Amino acid sequence: MSTPENTPDDAPQEGFVDPGLAHHRPRRADVDPKADKRAERQVAALFGLSAVGTVIALWAYFTKDTGDGGDVATIQSVNMWIGIGVFLAMSGIGFGAIHWAKTLMRDHEMVEERHEMRSSDENRAAAIQNLKDGAEDSGLAGGEGEGAKRRSVLKGSLITAMAIAPLAILVPQIGNMGGDWNVSKFRHTMWGPGVRLARDPDGALIKAADVTVGSAYHVIPEGLNDLDHHHKMDAKAKAVVLLVRLDPSDLKIVPGREDWSFDGIVAYSKICTHVGCPVALYEQQTHHLLCPCHQSTFDVSDGAKVVFGPAKRPLPQLPIAIDDEGYIVAKNDFDEPVGPSYWERLKGDSSGAEAEEESH
Amino acid sequence: MGTKVNSAAAGTANYVDERTSIGGFVKFFARKLFPDHWSFMLGEIALYSFIILLISGVFLTAFFVPSMETVHYDGAFATMHGVEMTKAFESTLYTSFEVPGGLLIRQIHHWSALLFLAAIMTHMCRVFFTGAFRKPRELNWLVGFTLMILGLAAGFTGYSLPDDVLSGNGLRIVDGVIKSIPLIGSYTSYWMFGGEFPGTALIPRVFTAHVLLVPALILALVGLHLFLVFLHKHTQYPGGGKTHKNVVGLPLFPVYTAKAGGFFFVVFGIVALMAAVFTINPVWNYGPYDPSPVSAGTQPDWYILFVDGALRLMPGWLFGLPMEWELWGYTLSWNILIPAVIVPGLFFGFIALYPWIEAWATGDKGEKHVLDRPRNVPVRTGIGVATIVFYVILVLEGSNDIVANMFHLSLNDLTIFFQWAIFILPPIAFWITKRICLGLQRKDRELVLHGHESGTIVRHENGEYIEVHTPLDEQEVWLRVNYDNRKPLEIEPEFNELGVRRPGYKWDRRKQKLSRFFYEERVEPVSWEEYQEALHHHDHGPSAEGKAEGAEADEADARLTEEWEKVEDEQASEK
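Rules of the game
Residues numbered from 1 in each chain as written. Chains lettered and ligands numbered in written order. Predicted model: local features only at pLDDT ≥ 70, side-chain atom pairs only at ≥ 80, totals over all residues. Helix = DSSP H or I, 4+ residues; strand = E, 2+ residues; numbered from the N terminus. Contact = placed C-beta atoms within 7 Å. Buried ≥ 20, exposed ≤ 12 C-beta atoms within 10 Å, placed from the backbone. Pairing = 2+ DSSP bridges. Axes fitted to C-alpha atoms, helices over the stretch in contact; angles between N-to-C directions. Domains from an automatic or database assignment. pLDDT = per-residue confidence, 0-100. Parallel < 35°, antiparallel > 145°, perpendicular 65-115°, else oblique. Left-handed = near helix turned anticlockwise from the far one by under 90°. Nonpolar A, V, L, I, M, F, W, Y, C, P; charged D, E, K, R; others polar. Core = buried A, V, L, I, M, F, W, Y, C linked by C-beta atoms within 7 Å.

### Here we look at the overall build of chain B
Helix and strand content of chain B: 20 helices and 10 strands. Its C-alpha atoms put chain B at 105 × 85 × 75 Å along the principal axes. The contacts of chain B with a sequence gap of at least 6 include a subset with a gap of at least 24, amounting to 73%.

Structure (structure tokens):
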């Protein structure tokens, strides 16, 4: 295959002559001994300023009272004084050195030749010969000499061994990193039949009578706060819910969910169906729920459908009812996984069971 | 005293050299020449902020506890007493409030991280617009590109460590993006988090990546990057005496030792000043991570904004069509994959491969050590500006809530505007930039042929007004005429003389199309013939015209003065 080449002439502008380096203009310190002395003093002063900066930093560190450390203003003042000390200590050296270089060191430009990156033909030939010799010695390549063998069995077995050997380390390493690999946990939350709704974060239970029209509650399942911190975080990451009460006449009930709400009270998962931020901003007038991360907007009065932004699916609805004591309870868990979409989201638990088997 | 020091130095040098033959290296390095230009400092800023990151990072590791174990806070910051948090967050509070100077180092670390990435990206822009990525530096462009990606990784892992509300939500977004990947998404999420999000494994894992894995890779690649800079010798801006075969500059020792070495201290000083007076990432205001709360105006660090912006930009429904597909029971989330995986992949892929794309269009196989003036490669400059506009739109969309708030705009309108702008503005930016470049090239021709406008107006005797032009000096002319006049590729015909179709024709044809896109429309530099003609043409040549008009002007001036004097004399004699 011929490759088109388009190497322009090295001197495309025939006739014009390179005038060479521009004439060097002397600096003031080059011609005036007074300016030279002055520059020297300035450099020394900058280095002196650096020493002052060091003293300021150390003075601030040792004498500025941090008190008990609880006062942000005190901390910030210590922070500022040490920082200003460091600033002077460092930039004094820096500006001094640069001023020195710019005023007193050589500024006549020098010229050096470049060499092509390509190795010389002899070197290339020698390199290729060396590799050939080595390959022949090893038996990896057949040689012309007597006794030279082509050890293709060795080559094949070595490549196979090298290719699979990393698995001996990687499989156990990666295999352990995923915990139990039971990804079907995405499907379940702490909610279930009869689990009471509680306020986030204090865990106070919520009575239907307390929820006035227009109000919104950040909700966690009862008993979440009794878990140890980590189980709590994992559970909370899926279970948080936003509870709002609308005027029942404003509420469009999704077909099939007629008994999922109670007198205008609806509960929706607070985990965004886009990438999982908490959908924490409720706009009372429009009944819109807004995710502050990427501004997906959901209409609570209409099945939490997406009205704007990058989410595609409505927020999952938590079916609720009122128990004998008047508390709001969940009728069941969500009927779909909460949060962002994933590949096997619509699959049942069977894939999870398989994964569990694999992990044993 | 002086001789004693000298002999001690000589002794040490001798000792080391006899064991390392370092003399050869010193001979090679000490007087190595580097060209001088302010734009060559951008890469230095990146290097220096990395060194500052290492220094301040070592300080921070002495106090940071990379653990997700739970504690009830009882430290100095009273507002948070009794709050349940991980040790990672608690130790961050401890470093800020109870280690004198600890807050300063934290802020130095964070500011220099922001500066590190800003410097890398600005440095990449300089290299791009001046064509410093051309042969033989394509591989070093790739090394630098990888350094930028590693810089993003270093930044994001560091941002995640304090385990505050902001960083936790950032990780949750990453988790959501990972889950959207077909087939392996949910398993990759489990692999990262050691089970379900947030789990207990993440902070220690991210810590190891942040303090060991990523910095070790960065350090190794910085070494390779600088080695290649030394090997290739630095590029230089065009001008008299500067060619592709030489390097014009000042020696490493002492000039650049002082300038570049001093500049490290300047960068350190400035970062320290910023850390001293500007608060950054006050995690005590945010609180420890909890999956439930999030505040309005949530923002990642600036270098992640473009991904966040892309996520905000991509609608879930496009003209009534869902951007999340359910195929055979499996879910494919284009609304996440396109902005967070595909677009960044294509964007970075294009940047990484650009040197080869341009080389195909140019077909030039020579080494290039003299930089291009951006105007002389209008299409490249246009592509660069279009890419920046594309990036900036994503960054602005990434902070659209803050932009909307500041300018009292509707958030939704702003997003819809950017949704159109991302397709419309980059091509417009390309076109405008290309036109500006071509205009500047024409201006250069104009200057070479007709000289500078001097501001002196002359009136001819016939009443015509003319401005005197002064000719350019030889340096100015050389800068404007001595550049590669690249033309579209000529390729061999499709069929040879026997009428047989030549293999590789299609590939060549594609390269030719690319080449035409780059070089079809161009402004030729002034040729020697044109220059000579302008010079000798009795009326319009710069020097001839200039001299003649200058002489006329002087003459006219002298005549006026004479007449004035005459009048004055007459008046004086009348009195």
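### Remarks on the overall build of chain A
Within chain A, the secondary structure is distributed over seven helices and 12 strands. Across the 360 residues that make up chain A, the buried fraction comes to 34%.

### As for helix α12 (residues 305–313) of chain B
Residues and elements named next belong to chain B. Across the nine residues that make up α12, a large majority, nine, are buried. Every buried residue of α12 is listed here: Leu305, Phe306, Val307, Asp308, Gly309, Ala310, Leu311, Arg312 and Leu313. Those residues of α12 that are buried lie in contact with α13 (334–362), α14 (378–398), α15 (400–406) and α16 (411–450).

### Points about the interface of chain A and chain B
The interface of chain A with chain B comprises 97 residues on the first partner and 116 residues on the second. Those elements giving two or more residues to the side of chain A that touches chain B turn out to be α3 (72–103), β1 (110–113), α5 (152–177), α6 (229–239) and β9 (305–308) of chain A. Per-element accounting of the side of chain A that touches chain B gives the leading share, 18 residues, to α3(A).

### Quick notes on the sheet that holds strand β1 (residues 33–34) of chain B
For sheets, the rule is that strands pair by backbone hydrogen bonds, running either parallel or antiparallel. An order of β1(A)-β4(B)-β1(B) is seen for the three strands of this open sheet, with the pairing classed as antiparallel. The two strands at the open ends of the sheet, each matched to only one other strand, are β1 of chain A together with β1 of chain B. Of the strands in this sheet, β1 and β4 (246–251) of chain B are in contact with helix α10 (residues 252–277) of chain B, which crosses β4(B) at around 70 degrees.

### Here's the deal with the domain arrangement of chain B
Taken domain by domain, chain B comprises domain 1 (31–306) and domain 2 (451–486 + 522–574). Taking only C-alpha atoms, the centre of domain 1 of chain B and the centre of domain 2 of chain B are 57 Å apart.

### Observations regarding the confidence of the model for chain A
Residue and element names in this part refer to chain A. Averaged over every residue, the pLDDT of chain A is 86; the share at 70 or more is 89%. Here residues 1–10 scores under 50 on pLDDT; set against residues more than four positions off or in separate chains, the count is 23 contacts. Here residues 350–360 is a poorly scored stretch, pLDDT under 50, and it has 14 contacts once near neighbours within four places are set aside; other chains count.

### Details of the domain arrangement of chain A
For chain A, the assigned domains read domain 1 (28–103) and domain 2 (185–359). Relative placement of domain 1 of chain A and domain 2 of chain A: their C-alpha centres are 57 Å apart.

### Concerning the packing of helix α3 (residues 41–61) of chain B against helix α5 (residues 102–129) of chain B
All names here are of chain B. With their axes 8 Å apart at the nearest point, α3 and α5 run at an angle of 155 degrees to one another. Looking at the two axes, α3 sits roughly antiparallel to α5. The hand of the α3/α5 crossing is left-handed. Residue composition of the contact of α3 with α5, grouped by class: 15 nonpolar, eight polar and two charged.

### What to know about unusual backbone geometry
Residue and element names in this part refer to chain B. Backbone torsion omega between Lys135 and Pro136 reads 5 degrees, so that peptide bond is classified as cis. Relative to the elements of secondary structure, Pro136 occurs in the loop between α5 and α6 (138–160). Across the junction of Phe253 and Pro254, the peptide omega takes the value 5 degrees, indicating a cis bond. Among the structural elements, Pro254 can be located in helix α10. Unusually for a residue other than glycine, Phe319 sits at a positive phi of about 50 degrees. Along the chain, the position of Phe319 falls in the loop between β5 (317–318) and β6 (321–322). A positive phi angle is found at His408, which is not glycine, with a value near 55 degrees.

### Description of the pairing of strand β7 (residues 324–327) of chain B
Residues and elements named next belong to chain B. When β7 meets strand β8 (residues 330–333), the two strands line up antiparallel, connected through four bridges. Each residue of the ladder has a partner; that of Glu324, found in β8, is Ser333. Hairpin connection between β7 and β8: a loop of two residues separates the two successive antiparallel strands, and Trp328 in this loop has a positive phi of roughly 50 degrees.

### Let's talk about the sheet that holds strand β10 (residues 317–318) of chain A
Residues and elements named next belong to chain A. Spatial strand order, β2-β3-β4-β5-β10: five strands in an open sheet with antiparallel pairing. Looking at which strands have only one partner, the edges of the open sheet turn out to be β2 (197–199) and β10. Across three bridges, β2 lies against strand β3 (residues 216–221) in antiparallel orientation. In the strand pairing of β3, Leu197 is matched with Pro221.

### Quick notes on the nonpolar core
Taken as a class, soluble globular proteins show a tendency for nonpolar side chains to be buried jointly. Core analysis: the biggest nonpolar cluster contains 185 residues, and Leu243(A) and Ala272(B) have the highest contact counts within it. Per-element tally for this core: the top contributor is α3(A), with 15 residues. If we skip the residues at most four places from it in the chain, Leu243(A) touches Leu197(A), Val211(A), Ala216(A), Tyr217(A), Val219(A), Ile265(A) and Ala267(A). Of all hydrophobic cores here, the second largest spans 10 residues; its members include Phe16(A), Val448(B), Val477(B) and Val481(B).

### Topic: α6(A)
All names here are of chain A. Across the 11 residues that make up α6, a large majority, eight, are buried. Within the span of α6, buried status applies to Lys232, Met233, Asp234, Ala235, Lys236, Ala237, Lys238 and Ala239. Contacts made by the buried residues of α6 are with β3 and β4 (241–245).

### Description of the environment of Val329(A)
Residues and elements named next belong to chain A. Tracing the sequence through the fold places Val329 in strand β12 (residues 328–330). Judged by the 22 C-beta atoms lying within 10 Å of it, Val329 falls in the buried class. Distance in space between the C-alpha atoms of Val329 and His231 is 22 Å, their sequence separation being 98 residues. Not counting residues within four places of it along the chain, the set of residues in contact with Val329 comprises Gly194, Val195, Arg196, Leu197, Ile320, Ala321 and Asp323.

### So, the confidence of the model for chain B
As a general rule, the predicted coordinates of low-pLDDT regions are not to be interpreted in detail. Of all residues in chain B, 97% attain a pLDDT of 70 or more, and the chain-wide mean is 90. With pTM at 0.89, the complex prediction returns an ipTM value of 0.88.

### Remarks on the packing of α6(B) against α13(B)
Two packed helices can be described by the angle between their axes and the distance between those axes. Residue and element names in this part refer to chain B. Running from N to C, α6 and α13 point in directions that differ by 175 degrees, and their axes come no closer than 9 Å. For the element pair α6 / α13, the angle class is roughly antiparallel. Across the interface between the two elements, Glu138, Trp141, Leu142 and Phe145 from α6 touch Ile351, Ala352, Pro355 and Trp356 from α13. The residue makeup of the contact of α6 with α13, split by class, is seven nonpolar, no polar and one charged.

### Let's talk about the pairing of β4(A)
Residues and elements named next belong to chain A. Along β4, five of the five residues are buried, which leaves the element largely enclosed by surrounding structure. Burial of β4 is two-sided: the residues Val241, Leu243 and Arg245 facing one way and the residues Leu242 and Val244 facing the other way are all buried. Taken together, the four bridges between β3 and β4 define a ladder with antiparallel strand orientation. Among the inter-strand pairings, Ala216 is bridged to a residue of β4, identified as Val244. As paired elements, β4 and strand β5 (residues 265–269) share five bridges and run antiparallel to each other.

### Focus: the environment of Leu183(B)
All names here are of chain B. Counting through the fold element by element, Leu183 comes out in the loop between α7 (165–179) and α8 (185–193). According to the C-beta neighbour criterion, Leu183 is exposed, with 10 such atoms within 10 Å. Placed 148 residues apart in sequence, Leu183 and Thr331 show a C-alpha to C-alpha distance of 9.6 Å.

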